Amino acid sequence: MTFDEMRERIAHGQGFVAALDQSGGSTPKALRGYGVEDSEWSDEDQMFALIHEMRSRIIEAPCFGNGKVIGAILFEKTMEGTSGGMSVPARLKDRGIVPFLKVDKGLEDERDGAQLMKPNPNLEAMCARAKELGVFGTKMRSVIKSANPVGIKETVRQQFAEGARILACGMMPMLEPEYDITAADRAEGEKIMLAAIEEGLDALPEGQQVMLKLSIPVEAGLYAGLAKHPKVLRVVALSGGYSTDEACEKLAKNPGMIASFSRGLLQDLRKQQDDAEFDGTLSGAIDQIHAASIT
């Protein structure tokens, strides 16, 4: 797929984006969920080798290339790995799946009810390497924890500022100002965040687009306008800690948003499953998430 073909696939594809981008801090938890105990690895290299085996098994599963997964977000080490005898980005594209790269370097300590992204001085170098491997876009996450206008506006401002750096590299930025689904004031805060996002979009130069990855809103349909905005390629939803059933039920009430789930996609996969059981389990999750994404 060329860059323009990948853009078209993401803009109009009837499917969802798989999040396979757990990094250092979240990898042990992801492995435990997959049935790999901490005692099975003794250093970071072994840990990442095990998570790569899991991701490669997902990528190579027959159901993963059935057309319902239109994109996949990768951790940097996964991007640099191989699957099916090819680089991971090339293998994904071979299966009709558009590759993205997680580029943030983690979160700062909470301030004004939000956790901003840590500085990323090597962002342009990461983008250059990703482009070299045929990656279409990037993803970067911040977290909002309360309806504090100062923290919310600064989070969104930083997302758009980093997005501008990514656009300058010729890649598609997926902005992810995640709103903590456990926050008591989320309904109020999401409206503040929406206004800040709209302001950021209005300031984008004509002809430029971004993607948005957002928590499924408390008020169904809140982001419908964003999904139709000319400067938004696609709005995707994170599962945010919801189970697959909960996330899909809530997503189906938000036309214009498609899934970009991690836990919601992977929660029932186990290393101990044989290939047929693994593919059947993954296929069931893909079908369920796909149905919610095209509702």
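The preceding data block contains the structure.
Chemist: Can you lay out the overall build of the chain for me, pointing to particular residues and giving the numbers?
Modeler: Helix and strand content of the chain: twelve helices and eleven strands. Taking 2.2 N^0.38 as the reference for a compact globule, 295 residues should give roughly 19 Å; the C-alpha atoms of the chain span a radius of gyration of 18 Å, in line with that estimate. By its C-alpha atoms, the chain is 50 × 40 × 40 Å across when sized along the principal axes. For the chain, the residues scored as buried account for 56% of the 295 residues in total. Here the contacts in the chain between residues at least 6 apart in sequence split such that 73% fall between residues at least 24 apart. Put simply, the chain shows about 12,000 Å² of open surface, and 49% of that area lies on carbon and sulfur atoms. One way to put it: in the chain the 34 positive side-chain charges average out to a point 2 Å from where the 44 negative ones average out.

Chemist: Can you explain the packing of aromatic side chains? Please cite residues and give values.
Modeler: What describes a pair of aromatic rings is the distance from one ring centre to the other and the angle between the planes of the rings. This structure, assessed with the given rule, holds four aromatic pairs. Geometrically, the ring pair formed by Phe100 and Phe136 is edge-to-face, given 5.7 Å between the ring centres and 85° between the ring planes. In this pair, Phe100 is assigned in strand β5 (residues 98-102) and Phe136 in the loop between α6 (123-132) and β7 (137-144), connecting sequence segments 36 residues apart. For the pair Phe100 and Phe136, one class covers both residues: buried. Among the aromatic residues, those joined into a cluster by ring pairs are Phe3, Phe100 and Phe136.

Chemist: Could you give an account of unusual backbone geometry, with specific residues and numbers?
Modeler: Phi at Asp112 takes a positive value of approximately 55°, unusual for a residue other than glycine. Mapped onto the elements, Asp112 comes out in the loop between β5 and β6 (114-115).

Chemist: So what's going on with helix α3 (residues 44-60)? Which residues, and what values?
Modeler: In this model, α3 (17 residues) spans 24 Å end to end at C-alpha, consistent with the 24 Å of a helix rising 1.5 Å per residue. Along α3, the positions that sit buried rather than exposed are Met47, Phe48, Leu50, Ile51, Met54, Arg55, Ser56, Arg57, Ile58 and Ile59. Two or three places before Asp45, at the start of α3, stands the capping residue Asp43, its side-chain oxygen 3.3 Å from that residue's backbone nitrogen.

Chemist: I'd like a rundown of the packing of helix α10 (residues 244-251) against helix α12 (residues 275-293), residues and numbers included.
Modeler: It is at 8 Å that the axes of α10 and α12 come closest, and there the two elements cross at 20°. One finds that α10 runs roughly parallel with respect to α12. Here α10 and α12 pass one another in a crossing that is left-handed. Counting all contacts with α10, which are made through Thr244, Asp245, Cys248 and Leu251, the residues of α12 involved are Gln288, Ile289, Ala292 and Ser293. Residues that form the contact of α10 with α12 fall into these classes: four nonpolar, three polar and one charged.

Chemist: Now, about the packing of helix α2 (residues 27-34) against α3: what can you tell me, with residues and values included?
Modeler: α3 packs onto α2 with a crossing angle of 55° between their chain directions and a minimal axis gap of 10 Å. For the element pair α2 / α3, the angle class is oblique. Crossing of α2 over α3 shows left-handed handedness. Contact with α2, carried on its side by Thr27, Pro28, Ala30, Leu31 and Tyr34, involves Met47, Phe48, Leu50, Ile51, Met54 and Arg57 of α3 and no other residues of that element. Per-class residue counts for the contact of α2 with α3 are nine nonpolar, one polar and one charged.

Definitions and cut-offs
- Numbering of residues begins from 1 in every chain and follows the order in which that chain's sequence is written.
- Residues qualify for local features only when their pLDDT is at least 70, as the model is predicted, and side-chain atom pairs are given and counted only at 80 or more; totals for whole chains, interfaces and linings, by contrast, use all residues.
- Just so you know, side-chain values use all the structure's heavy atoms and leave hydrogens and water out.
- Helix and strand definitions follow DSSP, with helices as H or I runs of at least four residues and strands as E runs of at least two, each counted in order from the N terminus.
- Between the two quantities, the radius of gyration covers C-alpha atoms and the globule rule is 2.2 Å times the number of residues to the power 0.38.
- When a residue's accessible area, from a 1.4 Å probe over protein chains only, is under 20% of the maximum for its type it is buried; when over 50% it is exposed; and in between it is partly exposed.
- Throughout, a residue-residue contact means that at least one pair of heavy atoms, one from each residue, lies within 4.5 Å.
- Accessible surface is estimated by sampling points in the Shrake-Rupley manner with a 1.4 Å probe; for residues, cover comes only from the protein chains shown.
- Only four residue types enter the charge count: Lys and Arg as positive, Asp and Glu as negative, with His and the chain ends excluded.
- Lysine's charge is taken at NZ, arginine's at CZ, aspartate's at CG and glutamate's at CD.
- Each Phe, Tyr or Trp ring (for Trp, its six-membered ring) is paired with any other whose centre lies within 6.5 Å, and the angle between the two planes then decides the class: stacked below 30 degrees, edge-to-face above 60, tilted in between.
- Expected span of a helix: the number of residues minus one, times 1.5 Å.
- Distance and chemistry together define a polar contact, namely a pair of N or O atoms within 3.5 Å, with one atom able to donate a hydrogen and the other to accept it when in protein, and with adjacent residues in sequence counting only for side-chain atoms on both sides.
- Axis definition: a line fitted to C-alpha atoms, over the contacting stretch in the case of helices. Angles run 0 to 180 degrees between N-to-C directions.
- An angle below 35 degrees is treated as roughly parallel, one above 145 as roughly antiparallel, one from 65 to 115 as roughly perpendicular, and anything else as oblique.
- In a left-handed crossing the near helix is turned counterclockwise from the far helix by less than a right angle, and in a right-handed crossing that turn is clockwise.
- Amino acids outside the nonpolar list (Ala, Val, Leu, Ile, Met, Phe, Trp, Tyr, Cys, Pro) and the charged list (Asp, Glu, Lys, Arg) are all regarded as polar, and Gly is one of them.

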